[in-house]
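For reference, the chains in residue letters:
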Amino acid sequence: FIQRDAEGHATHFQGVVIDITERKVAEEALARAEQLRKKEINHRIKNNLQIVSSLLDLQAEQFSDRKVIEAFKESESRIVSMSLIHEELYESGNLDILDFSSYLRKLIADLCRSYSTGSSAIRVNLNMKKVFLGVDTAVSLGIIINELFTNAIKYAFPQGKGGEINVELFEEGTGDTVNEKASSGKPLILKIPD
């Protein structure tokens, strides 16, 4: 508040000063607690998904029918694809956005182990830029990629014939690094050429 004389000059200033230090400290403590809570939730989700995956693996051992075992294996790989996202979030410390290219490398390595492509004539070539995605987008895209890659392994190479799977991840038109928050709006491209 400013008090002025008859000529309009300021003669007195009146104001209130409030010390908000305690409030700021409390807000920071709440933010840290929220971050720890999210980290713990991601860790628990990852562990629970790994337990479900292990249970499916154990249950599959009870069957001898190849189609039933394959169905269990496919369900297990879908669960692992979600578990890896939560593992990646937990390890990175950033619980809202993850490096999708790092996650994708782990997912594809896990799928290759699961389907024993290391001992086959199928070669997997990865060409990926760093891509940062939000959790919801990453989970959905991870499941889609899991299906695409699994189908490529199972059906693109009949009777154990060798071949090559090339996976590329980049921003359309540029091949530049993508950040979902600062993206130019161009779509992400995942190519698995034949």
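Just above sits the structure.
Residues numbered from 1 in each chain as written. Predicted model: local features only at pLDDT ≥ 70, side-chain atom pairs only at ≥ 80, totals over all residues. Heavy atoms only, no water.

Caption draft 1: Broad picture of helix α3 (residues 100-114). Compared with an ideal rise of 1.5 Å per residue, which puts 15 residues at 21 Å, α3 spans 21 Å between its outermost C-alpha atoms and is within 8% of the ideal. Of all the positions in α3, only F100, S101, Y103, L104, L107, I108, L111 and C112 are classed as buried. When α3 is viewed along its axis, its buried side chains cluster within an angular range of 165 degrees and face the same direction. Taken from the residues just after α3, S116 is the one with a positive phi, measuring 50 degrees. (Helix = DSSP H or I, 4+ residues; strand = E, 2+ residues; numbered from the N terminus. Expected span 1.5 Å × (residues − 1). Buried < 20%, exposed > 50% of the residue type's maximum accessible area, 1.4 Å probe, protein only. Arc of directions from axis to C-beta.)

Caption draft 2: Spatial organisation of the nonpolar core. Ranked by size, the top nonpolar core spans 29 residues in total, and within it I85, F100, Y103, L104, L107, F149 and I165 carry the most contacts. Where this core is concerned, the elements lending two or more residues are α2 (66-92), α3, β4 (122-128), β5 (131-134), α4 (135-155) and β6 (163-171). (Core = buried A, V, L, I, M, F, W, Y, C linked by side-chain atoms within 4.5 Å.)

Caption draft 3: Seen up close, the pattern of salt bridges. Per the counting criterion, the structure on display carries 13 salt bridges. One salt bridge in this structure joins R37 and E34, with 2.5 Å as the shortest N-O distance. Of this pair, R37 and E34 both sit in helix α1 (residues 21-60), three residues apart, roughly one helical turn. With a relative accessible area of 43%, R37 lands in the partly exposed category. For the salt bridge of E74 with R78, the shortest nitrogen-to-oxygen distance reads 3.9 Å. Linking E74 with R78, this pair stays in helix α2, spanning four residues, or about one helical turn. A single salt-bridge network, built from bridges that share partners, covers E70, E74, R78, E147 and K154. (Salt bridge = Lys/Arg side-chain N within 4 Å of Asp/Glu carboxyl O.)

Caption draft 4: Layout of the packing of aromatic side chains. Enumeration over the complete set of coordinates arrives at two aromatic pairs. Summarising the aromatic geometry, the rings of F63 and F72 are spaced 5.5 Å apart at their centres and angled 25 degrees between planes, so their arrangement reads as stacked. Residue class for F63 comes out partly exposed when judged on its relative accessible area of 36%. Ring geometry for F100 against Y103: centres 5.3 Å apart, planes inclined by 45 degrees, an arrangement best described as tilted. Pair noted here: F100 and Y103 are both in helix α3, with a separation of three residues, about one helical turn. For the pair F100 and Y103, a shared accessibility class is recorded, and that class is buried. (Phe/Tyr/Trp six-rings, centres within 6.5 Å; stacked < 30°, edge-to-face > 60°.)

Caption draft 5: Local environment of the packing of α3 against α4. Two elements in contact, α3 and α4, have axes whose closest approach is 11 Å; the angle formed by their N-to-C orientations is 35 degrees. Crossing handedness for the pair α3 and α4: right-handed. Contacts between α3 and α4 involve F100, Y103, L104, L107, I108, L111 and C112 from the first element and A138, L141, G142, I145, N146, F149, T150 and I153 from the second. Looking at the contact of α3 with α4 residue by residue, the classes come out as 12 nonpolar, three polar and no charged. (Axes fitted to C-alpha atoms, helices over the stretch in contact; angles between N-to-C directions. Left-handed = near helix turned anticlockwise from the far one by under 90°. Contact = heavy atoms within 4.5 Å. Nonpolar A, V, L, I, M, F, W, Y, C, P; charged D, E, K, R; others polar.)

Caption draft 6: Main features of the pairing of strand β2 (residues 10-13). As paired elements, strand β1 (residues 2-4) and β2 share three bridges and run antiparallel to each other. Across the sheet, Q3 pairs through a bridge with H12, a residue of β2. Linking two consecutive strands that pair antiparallel, namely β1 and β2, is a turn of five residues; a positive phi of about 90 degrees is found at G8 within it. (Pairing = 2+ DSSP bridges.)

Caption draft 7: Summary view of the packing of α2 against α3. Where α2 contacts α3, the two axes come as close as 10 Å, and the packing angle between them is 150 degrees. The pairing of α2 with α3 is recorded here as roughly antiparallel in orientation. Where α2 crosses over α3, the handedness of that crossing is right-handed. Contact with α2, carried on its side by K73, S77, V80, S81, L84, I85, E87, E88 and E91, involves S102, Y103, K106, L107, D110, L111 and S114 of α3 and no other residues of that element. By residue class, the composition of the contact of α2 with α3 is six nonpolar, four polar and six charged. (Parallel < 35°, antiparallel > 145°, perpendicular 65-115°, else oblique.)

Caption draft 8: Main features of a nonpolar patch on the surface. Taken together, the side chains of V16, I18 and I20 make up a nonpolar region of the molecular surface, amounting to roughly 320 Å² of accessible area. Mapped onto the elements, I20 comes out in the loop between β2 and α1. Assessed through its relative accessible area of 35%, I20 is described here as partly exposed. (Patch = residues over 30% accessible without salt bridge, like charges linked within 9 Å, V, L, I, M, F, W, Y side chains within 5 Å. Areas by Shrake-Rupley, 256 points an atom, 1.4 Å probe, with all protein chains shown as cover.)

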